[in-house]
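# Descriptive structure summary
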Amino acid sequence: MKCPFCMEEIQEGAVKCKHCGSMLTSIGAGSPMSSPAGSKPIYTDYSQVPWFRKRWFLVLSILLFIPVAAIISLTGDFYYVKKGQLKTYGKSTKWVLIIISIGILVRIFSALR
Ligand SMILES: [Zn+2]
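Residues numbered from 1 in each chain as written. Predicted model: local features only at pLDDT ≥ 70, side-chain atom pairs only at ≥ 80, totals over all residues.

Its 22 residues give helix 2 (residues 91–112) an end-to-end C-alpha distance of 32 Å, which sits within 8% of 32 Å, the value for a rise of 1.5 Å per residue. Counting buried positions along helix 2 yields zero of 22 residues, so the element is predominantly exposed. (Helix = DSSP H or I, 4+ residues; strand = E, 2+ residues; numbered from the N terminus. Expected span 1.5 Å × (residues − 1). Buried ≥ 20, exposed ≤ 12 C-beta atoms within 10 Å, placed from the backbone.)

Both trends apply: most residues other than glycine have a negative phi, and most peptide bonds are in trans. In this structure, Met7 is a non-glycine residue whose phi angle is positive, near 65°. Position of Met7 relative to the elements: it lies in the segment before helix 1 (55–75). Residue Met7 is classed as exposed on the basis of its C-beta count, with 10 C-beta atoms lying within 10 Å. Its identity as a non-glycine residue notwithstanding, Lys83 has a phi of 50°, on the positive side. Tracing the sequence through the fold places Lys83 in the loop between strand 1 (79–82) and strand 2 (85–88). For Lys83, a count of 5 C-beta atoms within 10 Å gives the class exposed.

Moving on: the confidence of the model for the chain. Mean pLDDT over the chain works out to 79, with 88% of the residues at or above the 70 mark. Ignoring residues within four places in sequence, the model shows residues 27–35, a span with pLDDT below 50, making ten contacts including any to other chains. (pLDDT = per-residue confidence, 0-100. Contact = placed C-beta atoms within 7 Å.)

Right, let's get into the pairing of strand 1. Relative to strand 2, strand 1 runs antiparallel, the two being bridged by four bridges. Note that in strand 2 the partner of Lys82 across the bridge is Gln85. A loop of two residues connects strand 1 with strand 2, the two strands running antiparallel in sequence, and Lys83 in this loop sits at a positive phi of about 50°. (Pairing = 2+ DSSP bridges.)

Take the environment of Lys2 next. Mapped onto the fold, Lys2 is located in the segment before helix 1. In this structure the C-alpha to C-alpha distance between Lys2 and Cys17, which are 15 residues apart in sequence, comes to 9.2 Å. With residues near it in sequence (within four places) discarded, Lys2 still touches Met7, Glu8, Glu9 and Ile10.

As structure tokens, then:
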């Protein structure tokens, strides 16, 4: 058989390629974590899902970062450079950010119920 990563000839049933060092555990036989890098792991149970892919983490990160962005925009300006000149976003941009934040929070709370 051939290594799927480097196409070199390797022993039938080899676990690891002797040429490139890639793990050759067949897809589906191992745990979802052993699937080759780049392909999406398929989870059949919620307990297999890593903590950072769970909904509560997404909710937590949005809850943490949206208010931070809103507070920063309320206490000062966001700066950007245009044609070599330092500029700030106007009040309307702040309000857009705050309205989007509120919209996202409302969506999260309605999804949790
Ligand atoms: Zn290889």
